[in-house]
Amino acid sequence: MSDTAVDPDEVRHVADLARVDLDDEELTRFTEQFGDILDAFEALDEVPETDRESELANVMRPDEVRESLSQEEALQNAPESEEGQFKGPKVS
């Protein structure tokens, strides 16, 4: 684990913010795991920076106006439509 050990109170605080109830065994396990996660982030600090390309190229094609389906053609096979739009099931 890192030099700055993770305090179980900090883990409990984060768990409370996330509205997660932890028993003592889980608190101990998550404290260790949280420390391991922080160690992994510290290891990223040791990765050397590299130069990036100065200019990035856009590989997407430009937008072009083209002929497309009419509203009636687009809705032709829709199971349900309403006021010229697709109608889907209610979600709530």
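Refer to the structure above for everything that follows.
Cut-off values and rules
- Residues numbered from 1 in each chain as written.
- Predicted model: local features only at pLDDT ≥ 70, side-chain atom pairs only at ≥ 80, totals over all residues.
- Heavy atoms only, no water.
- Helix = DSSP H or I, 4+ residues; strand = E, 2+ residues; numbered from the N terminus.
- Expected span 1.5 Å × (residues − 1).
- Contact = heavy atoms within 4.5 Å.
- Polar contact = N/O pair within 3.5 Å; in protein donor to acceptor, adjacent residues only side chain to side chain.
- 1 Å grid on protein atoms, 1.4 Å probe; cavity = no way out; pocket = protein on both sides within 12 Å on 5 of 7 lines; lining within 4 Å.
- Points joined across faces, edges and corners; volume = space filled by probe spheres on them.

**Re helix H2 (residues 24-45)**
Thought 1: When the terminal C-alpha atoms of H2 are compared, their 32 Å separation across 22 residues agrees well with the 32 Å that a helix rising 1.5 Å per residue should span.
Thought 2: The inward-facing, buried residues of H2 abut helix H1 (8-17).
Thought 3: Where H2 begins, one side-chain oxygen reaches toward the backbone nitrogen of Glu25, 3.2 Å away; that side chain belongs to Asp23.

**Some details on the layout of surface pockets**
Thought 1: In this structure, the largest pocket spans a volume of roughly 180 Å³.
Thought 2: Lining of the largest pocket is provided by Val11, Val14, Ala15, Ala18, Val20, Leu22, Phe30, Gln33, Phe34 and Ile37.
Thought 3: Among the elements of the structure, H1 and H2 are those that each provide at least two residues to the lining of the largest pocket.
Thought 4: In terms of residue count, the dominant contributor to the lining of the largest pocket is H2 (4 residues).

Take it as geometry only, folks, not as evidence of what the structure does.
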